[in-house]
Amino acid sequence: MNLVKVSGDNQTVFQHYHLPDALWVQVLDRRGSPLQGWTVTWTAAPGTSDETERSAPSDQFGWAYFNMTFHVPGNHQVAAAVDEYRPVHFVVHVLPTDGAFDGTYSLSWSGVHRDPDDDPPVDLESEGSDWFSIMDNELAGPFASASGPASVWIESGSFNASDGSLDMRMRMSPDIRHRYTGTLSLDGATAGGAGTWIMLWRSTEVPGTGGTWTAARR
């Protein structure tokens, strides 16, 4: 078996951004024919990326790829390996940003929903996820980038970078909103947060609803 580095080596990317091109390898037998179903494990140095290890099988053409977001400036090595065979290594050059775009965060929530029109009320245990970004130490939509924020789903809110306090209202449906309050840290690769939320029905908070949330930078 041979593991061949195909493309993606020696890329340059800004801190907190996804690689512009994925890292690609191909798994081949000794005659150069592609091997399907061989597990390729990708490993980056701890703390450098949003995901420092991932495994996936090669496809019918022997291909396997990996993409990630790097949060630490510098030159980083990413290894691709199959079992005990010799790995191949990629180098990624990460440039520091000016702080305008801190990154995109995934927010996971769980708790109680209730339709106020139900009589009697019915509590529904629910869970889900949302996305948002931080730009210039302020809230932005999930598709924000260095070119500017995208206000999608966020109706209102504020973020205080000095103490990490977060208060954000997001649109879930034409009638339902979630209000998330808590704290968010922008500290390096461990950035994330936690807090509580409550459901709003047609802009009015519904007592007894809501639960908790956690967030992590992706």
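For the structure, check the block above.
Quantities reported herein were computed from a predicted structural model and do not represent experimental measurements. Numbering of residues starts from 1 in every chain and runs along the sequence as written. Totals for whole chains, interfaces and linings use every residue, but because this is a predicted model, local features are given only for residues with pLDDT of at least 70 and side-chain atom pairs only at 80 or more, for both listing and counting. In computing side-chain values, all of the structure's heavy atoms are included and hydrogens and water are not.

## Focus: the pattern of salt bridges
Close approach of charged atoms allows side chains with opposite charge to pair.
Moving on, step 1. By definition, a salt bridge exists where a carboxyl oxygen of Asp or Glu is found within 4 Å of a side-chain nitrogen of Lys or Arg. Following the criterion strictly, the structure yields nine salt bridges and no others.
Moving on, step 2. The salt bridge partner of D9 is K5, with a shortest N-O separation of 3.0 Å.
Moving on, step 3. Categorising residues by exposure relies on relative accessible area from a 1.4 Å probe, with only protein chains included: less than 20% of the type maximum marks a residue as buried, more than 50% marks it as exposed, and the intermediate range marks it as partly exposed. Overall, the relative accessible area of 29% leaves D9 in the partly exposed class.
Moving on, step 4. Several salt bridges share partner residues, and in doing so they unite D117, D175 and R202 into one network.

## Notes on the packing of aromatic side chains
Moving on, step 1. Only Phe, Tyr and Trp rings are paired, with Trp represented by its six-membered ring, and only when their centres lie within 6.5 Å; those with planes under 30 degrees apart are stacked, over 60 edge-to-face, the remainder tilted. Enumeration according to the criterion identifies eight aromatic pairs in this entry.
Moving on, step 2. A ring pair is formed by W42 and F90, whose centres lie 5.7 Å apart and whose planes are at 40 degrees; its orientation type is tilted. Within this pair, whereas W42 is found in strand β4 (residues 39–44), its partner F90 is found in strand β8 (residues 88–95), the two being separated by 48 residues in sequence. Pair check on accessibility: W42 and F90 agree, each one buried.
Moving on, step 3. With centroids separated by 5.5 Å and ring planes inclined at 10 degrees, the aromatic side chains of Y105 and F132 adopt a geometry described as stacked. Remark: F132 occurs in strand β10 (residues 123–135) and Y105 occurs in strand β9 (residues 101–114); sequence separation between them is 27 residues.
Moving on, step 4. With a relative accessible area of 0%, Y105 lands in the buried category.
Moving on, step 5. In this structure F132 comes out as buried when scored by relative accessible area, which is 0%. By the criteria applied, helices consist of DSSP H or I runs no shorter than four residues and strands consist of E runs no shorter than two, each listed in order from the N terminus.

## A look at the pairing of strand β3 (residues 23–28)
Here is the key point about a regular strand: its side chains alternate between the two faces of the sheet.
Moving on, step 1. Among the six residues of β3, five are classified as buried, and the element is accordingly described as predominantly covered.
Moving on, step 2. Being paired, for any two strands, means DSSP has found at least two bridges between them. Where strand β1 (residues 2–7) meets β3, five bridges bridge the pair, whose relative direction is antiparallel. Each bridged residue has a counterpart across the sheet, and for L3 the counterpart in β3 is V27.
Moving on, step 3. In terms of strand pairing, β3 meets strand β6 (residues 63–66) through four bridges, oriented antiparallel. Residue W24 lies in a different strand from β6, and its bridge partner there is Y65.

By themselves, these figures tell us nothing about what the structure is for.
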